[in-house]
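Take a look at the letters that make up each chain.
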Amino acid sequence: MRTEGTYLVNDPQRPLRFGTVELINPPRRERRGLPEKPGLRCQPVVTGFCGTDWELMQMGARGELGPKFPPGQQRLINGHEGVVWVPEQGRYAIVLIRGGDAYDPSRFEADESYFEYGCDQADGLMARAGYFHPDMLLPIPACYLPAGAKLSRSLAARLVFCDPMACMLFQRERLEDLLAAHNWRLFAARGLEREQALEQAVADGFSRVVIYGLGGAGILGAIAIREKYPQARIITVGRSAPGGVKDSFLARHWPGMEYLQTRDTPQATAAAVEEALGGKPRVFIGASGSPAEAEIAFGCGLLDNNGIYASFSLGPTVSFQTMPFGFANHLIFGAINFRRDHMEAAIELLCRLPVDELVQEAPLADLCADPRGFFREVIRVTDAF
């Protein structure tokens, strides 16, 4: 079957193209132990642009996309955020992006394999049609979209964030796990029993959080933390001047969420964050795609002793000096993944959150005319996602 869409190739001049491509439909499995199944033909009705799409395009320009292509192909249809229509079932669905021959594809082991629609070894949503595993087409709750009802523009705009919100729910879960394991002995040393010390380590970790980068991941990460920890002290940092679309949105719906614009130097940014937080952050979430985030956290000494650096950026190198890093007992981890339960929780959460206020629509004609230029302009806009 042939369709039209954007696709990525290894080409220094034209790594992203729009045109006709031949779809493939190999049998896949959602998880190890489940049967392989061919995909159902679906029609994407709304798709979102992500920093991952931008980074994949840069990889194509550098000739590095080979391992990302579906087996036997020399191109990858990108796009991993959005809503599809399933003609065979007469319903809308959210695609569970990650699957594979692994017990938990979000943490696949050395003898296991995974795939990600639109990102890694499987074609994605930025096309007029695509094939997706039937068991990975997650339903939209009937209380928000009754059977037979038409998908509203506002609900579609909310659900376009399912993938990054699922990622941030997974990120929050990992932070809880790691904060408890990393720091519970600090509170046991103060006389708390183990269970109390574990709880206190998590609460203390979320007492001072900085999120560097207020794109889609950063803003949803702030929401994910505040939804579960309403007392969390969170500072968000971004390029745009205060009073923009994103920081105003957070301040309006989650009062107390403070925003800082980056300063002229990393040192000045670090000092401003520490002053605003009333101390060094216990948790630093890097979500900007910029090497400045690691420089601020480690080079400028912003991250608190026993603090956690959560890397959510694709592209930059994280570096640190081993002497202060080791003695400050810092912990670095990356978690750009999620499980099925995170995606299901993200769907329910987004259906009731006003995140459609953040969405800007773009005409398909602009993407068709100049795909690479379109991606470049979107990524440069400070209020874009």
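This is a predicted model, so every value here is computed, not measured. (Residues numbered from 1 in each chain as written. Predicted model: local features only at pLDDT ≥ 70, side-chain atom pairs only at ≥ 80, totals over all residues. Heavy atoms only, no water.)

Looking at the side chain of Arg98
We count it as follows: Here a helix means four or more residues in a row that DSSP labels H or I, a strand means two or more in a row labelled E, and each is numbered from the N terminus. Contact definition: two residues touch when any of their heavy atoms are within 4.5 Å.
Checked against the element boundaries, Arg98 lands in strand β7 (residues 98–99). If we skip the residues at most four places from it in the chain, Arg98 touches Pro105, Ser106, Phe108, Tyr114, Phe115, Glu116, Met136 and Asn337.

What about helix α7 (residues 266–277)?
Each full turn of the α-helix corresponds to 3.6 residues, which orients residues three or four apart in the same direction. The test is simple: A helix is expected to span 1.5 Å multiplied by its residue count minus one.
Helix length check: α7 (12 residues) gives 16 Å between terminal C-alpha atoms against 16 Å at 1.5 Å per residue, within 8%. Residues of α7 that are buried sit in contact with β12 (209–212), β13 (234–238), β14 (258–261) and α8 (292–299). Just past α7, the residue Gly278 takes up positive phi, approximately 75°.

Describing the sheet that holds strand β16 (residues 308–311)
By definition, the strands of a sheet pair up through backbone hydrogen bonds, in either a parallel or an antiparallel sense. The condition that has to hold: Should DSSP find at least two bridges between two strands, the strands are regarded as paired. Structural elements are reduced to axes, namely lines fitted to C-alpha atoms, with helices fitted over the stretch in contact, and the angle between N-to-C directions of any two is expressed from 0 to 180 degrees.
Here we have six strands laid out as an open sheet, ordered β14-β13-β12-β15-β16-β17, and parallel in their pairing. The open sheet has two edge strands, β14 and β17 (331–334), and neither has a second partner. In this sheet, adjacent strand axes meet at a mean angle of 20° when their direction is disregarded. Relative to β13, β12 runs parallel, the two sharing four bridges.

Thoughts on the pattern of salt bridges
Put simply, the rule reads: Salt bridges are counted wherever a side-chain nitrogen of Lys or Arg sits within 4 Å of a carboxyl oxygen of Asp or Glu. Burial classification: accessible surface area is computed with a 1.4 Å probe over protein chains only, and a residue below 20% of its type maximum counts as buried, one above 50% as exposed, and the rest as partly exposed.
In the structure shown here, the tally under the stated rule is 27 salt bridges. Of the charged contacts, one joins Glu36 and Arg29 as a salt bridge, the two residues approaching to 3.7 Å between their closest N and O atoms. Classification of Glu36 by relative accessible area gives partly exposed; the value is 47%. The class of Arg29 is partly exposed, set by a relative accessible area of 23%. One salt-bridge network, held together by shared partners, links Arg29, Arg32, Glu36 and Asp101.

Here's the deal with the packing of aromatic side chains
Convention followed: Geometry of aromatic contacts follows a simple scheme: Phe, Tyr and Trp rings, the Trp one being its six-membered ring, pair when their centres are within 6.5 Å, and the pair is stacked under 30 degrees between planes, edge-to-face over 60, tilted otherwise. In this scheme, the term charge over a ring applies when either NZ of a lysine or CZ of an arginine sits within 6 Å of the ring centre and within 35 degrees of the ring normal.
Taken as a whole, this structure holds 14 aromatic pairs when the rule is applied. With 6.2 Å between their ring centres and 20° between their planes, Tyr212 and Phe284 make a pair best called stacked. One end of the pair, Tyr212, is in strand β12; the other, Phe284, is in strand β15 (residues 283–286), with 72 residues separating them in the sequence. Like Tyr212, the residue Phe284 is buried in the burial classification. Its end group placed over the ring of Trp184, Arg194 keeps NZ or CZ at 4.3 Å from the ring centre.

As for the sheet that holds strand β2 (residues 16–22)
Strand order in the open sheet made by the three strands is β2-β1-β4, with antiparallel pairing throughout. Bordering the open sheet on either side are β2 and β4 (76–77), each of which pairs with just one other strand.

A word on the pairing of strand β6 (residues 91–95)
Of all five residues in β6, four are buried, a share of seventy percent or more. Joining the antiparallel neighbours strand β5 (residues 82–86) and β6 is a turn of four residues, in which Gly90 adopts a positive phi near 60°. Pairing of β6 with strand β11 (residues 137–138), which is carried by two bridges, proceeds in the antiparallel orientation. For Ile94, the partnering residue across the bridge sits in β11 and is Leu138.

Structural notes on the side chain of Thr269
Counting through the fold element by element, Thr269 comes out in helix α7. Aside from chain neighbours lying at most four places away, what touches Thr269 is Tyr212, Val237, Thr262, Arg263 and Ile296.

Concerning the packing of helix α3 (residues 162–188) against helix α10 (residues 340–351)
How we decide: Definitions for this section: a left-handed crossing has its near helix turned counterclockwise from the far helix by less than a right angle. A right-handed crossing has that turn clockwise. Throughout this entry, Asp, Glu, Lys and Arg are counted as charged residues, while Ala, Val, Leu, Ile, Met, Phe, Trp, Tyr, Cys and Pro are counted as nonpolar. The remaining residues, Gly among them, count as polar.
Running from amino to carboxyl end, α3 crosses α10 at an angle of 115°, the nearest separation of the two axes being 8 Å. Our pair here, α3 against α10, has a crossing hand that is right-handed. Taking contact as the criterion, the partners of Cys162, Asp163, Met165, Ala166, Leu169, Phe170 and Glu173 in α3 are, on α10, His342, Met343, Ala345, Ala346, Ile347, Leu349 and Leu350. Here the residues of the contact of α3 with α10 are counted per class, giving 11 nonpolar, one polar and two charged.

As for the packing of α3 against helix α4 (residues 194–205)
Closest axis-to-axis distance for the α3/α4 pair is 7 Å, and the angle between their directions is 115°. Handedness of the crossing formed by α3 with α4: right-handed. In this structure, α3 uses Glu176, Leu179, Ala180, Asn183, Trp184, Phe187 and Ala188 to contact α4, whose residues at the interface are Arg194, Ala197, Leu198, Gln200, Ala201, Val202, Asp204 and Gly205. Residues of the contact of α3 with α4, tallied by class, amount to nine nonpolar, three polar and three charged.

Focus: the environment of Arg32
Just so we agree on the cut-off: Polar contact is defined as a pair of N or O atoms within 3.5 Å, subject to the rule that within protein one atom must be able to donate a hydrogen and the other to accept it, and that residues adjacent in sequence are counted only when both atoms are side-chain atoms.
Within the fold, Arg32 resides in the loop between β2 and β3 (40–47). Separated by 68 residues in sequence, Arg32 and Gly100 have C-alpha atoms that sit 6.9 Å apart. Filtering out sequence-adjacent residues up to four positions away, Arg32 remains in contact with Gly100, Asp101, Ala102, Tyr103, Asp111 and Glu112. At a separation of 3.2 Å, a polar atom in the side chain of Arg32 contacts the side chain of Asp101.

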